[in-house]
Amino acid sequence: MGDLFTQNKPTVYSDTAWIGYYNGESGLADGFAQAGDAVFEAWRATYRPNDKLLLPMVYNYRHAIELALKVAIRTASERLRFAGQDDPELQPEAIEAAFKKTYKHRVEPLGKRLVELLKWLQLGDLPEQTTKILARLHNLDPYGEAFRYEGNLRTSATTVDVPRLAALFRDTFDLIHGGVLTELDVFEDYQIDMLENFGGVPRLPKPGVADEEDLALDT
């Protein structure tokens with residue numbers, strides 16, 4: 001007895017989707033963002049929009065943002081390991097354990113962790129607007145369930161500007177998925193260039209913790 005996928009093999013090429021063909025979790029995050037876009041377009045496609053689509057739209061955008069944050073955290077941690085950091089919390093097993101036990105689906109703590117890593121890499125901070133959106137999204141849905149089930153949404157609002165809301169979600173996703181991940185890709189190229197041309201990459205001590213070489217120079 002096969003699963004639902006194996007039991008539904010396409011017979012027409014135009015009806016075919018290739019399983020797993022989405023470039024890892026980064027591509028999956030983009031897929032959820034595109035799904036949010038599609039639901040938004042379906043919402044406004046009629047003269048009297050279908051408000052049943054509001055929470056499914058928000059859920060797709062929210063999940064896209066969560067996945068993008070996790071991809072960025074993994075990537076930033078990899079760049080720190082490449083720079084010689086052996087901090088246990090940067091190891092892949094520790095990162096995945098933290099996702100499951102500590103951060104779970106909570107977007108604001110995930111955003112704060114990403115900011116810590118970006119500062120560690122000396123790549124700056126997230127824009128204030130982005131951190132505000134993550135905080136407000138977390139207030140609406142602290143555990144990743146408010147948009148999936150009835151009765152869990154933390155709001156006193158009775159109406160919402162849907163196009164503006166969709167734009168805020170899209171901007172937040174694009175900043176993380178397009179902006180931060182691109183910045184980390186550029187930083188990877190820089191590290192590789194340093195390794196190939198100078199035989200090593202700059203050390204990146206944890207913010208607030210002096211590097212051992214710096215301590216030696218001070219004594």
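Treat the numbers as computed from the prediction; the structure is a model and nothing was measured.

> Would you explain the overall build of the chain in this entry?
Within the chain, the secondary structure is distributed over seven helices and zero strands. Along the three orthogonal principal directions, the C-alpha set of the chain runs to about 70 × 50 × 30 Å. Counting only residues that meet the buried cut, the chain has 34% of its 219 residues in that class. In the chain, 71% of the contacts between residues at least 6 apart in sequence involve partners at least 24 apart. Accessible surface computed for the chain: about 13800 Å², of which carbon and sulfur atoms make up 53%. Seen as two clouds, the 24 positive and the 35 negative side-chain charges of the chain have centres 9 Å apart.

> Could you clarify how one ought to interpret the environment of Asp30 in this entry?
Relative to the assigned elements, Asp30 resides in helix H1 (residues 24–43). A residue is classified by how much of its surface remains accessible, and Asp30, at 24% relative accessible area, is partly exposed. Those residues in contact with Asp30, other than ones at most four positions away along the chain, are Arg170, Phe173 and His177.

> Help me out: how do you make sense of helix H3 (residues 92–103) in this one?
Side chains of residues three or four places apart in an α-helix project in the same direction, reflecting 3.6 residues per turn. For H3, the set of buried residues is Ile95, Phe99 and Tyr103. Take H3 and look down its axis: the buried residues cluster within an arc of 55°, on one side only. Of the residues in H3, the exposed ones pointing more than 90 degrees away from the buried face are Glu93, Lys100 and Lys101. Residues of H3 that are buried make contact with helix H2 (54–82) and helix H4 (107–120). Of the residues trailing H3, Lys104 is marked for its positive phi of about 50°.

> Just checking my understanding: could you explain the layout of surface pockets for this structure?
By rolling a water-sized probe across the atoms, one finds the places where empty space is left. Taken as a whole, the largest pocket spans an internal volume of roughly 700 Å³. Lining the largest pocket are 24 residues, with Leu140, Ala157, Thr159, Val160 and Leu165 sitting closest to its centre. Those elements that place two or more of their residues in the lining of the largest pocket are H2, helix H5 (128–140) and helix H6 (162–198). Its residues placed into classes, the lining of the largest pocket shows 15 nonpolar, four polar and five charged. Space inside the second largest pocket adds up to approximately 280 Å³. If you trace the second largest pocket, you find it lined by Phe5, Thr6, Asn8, Lys9, Pro10, Asp15, Thr16, Ala17, Trp18 and Ile19. Residue composition of the lining of the second largest pocket, by class: five nonpolar, three polar and two charged.

> How do you make sense of the pattern of salt bridges when you look at a structure like this?
A side chain of one charge can pair with a side chain of the opposite charge when the charged atoms of the two come close. As enumerated under the stated definition, the model contains 16 salt bridges in all. A salt bridge links Lys206 to Glu89, with the shortest nitrogen-to-oxygen separation between them at 3.0 Å. In this pair, Lys206 sits in the loop between H6 and helix H7 (212–218) while Glu89 sits in the loop between H2 and H3, placing the two residues 117 residues apart along the sequence. By relative accessible area, which is 32% here, Lys206 ends up partly exposed. Ionic contacts of the salt-bridge type, sharing partners, join the residues Asp87, Glu89, Arg113, Glu116 and Lys206 into one network.

The rules we used
- Residues numbered from 1 in each chain as written.
- Predicted model: local features only at pLDDT ≥ 70, side-chain atom pairs only at ≥ 80, totals over all residues.
- Heavy atoms only, no water.
- Helix = DSSP H or I, 4+ residues; strand = E, 2+ residues; numbered from the N terminus.
- Buried < 20%, exposed > 50% of the residue type's maximum accessible area, 1.4 Å probe, protein only.
- Contact = heavy atoms within 4.5 Å.
- Areas by Shrake-Rupley, 256 points an atom, 1.4 Å probe, with all protein chains shown as cover.
- Lys, Arg positive; Asp, Glu negative; His and termini not counted.
- Charge placed at Lys NZ, Arg CZ, Asp CG, Glu CD.
- Arc of directions from axis to C-beta.
- 1 Å grid on protein atoms, 1.4 Å probe; cavity = no way out; pocket = protein on both sides within 12 Å on 5 of 7 lines; lining within 4 Å.
- Points joined across faces, edges and corners; volume = space filled by probe spheres on them.
- Nonpolar A, V, L, I, M, F, W, Y, C, P; charged D, E, K, R; others polar.
- Salt bridge = Lys/Arg side-chain N within 4 Å of Asp/Glu carboxyl O.

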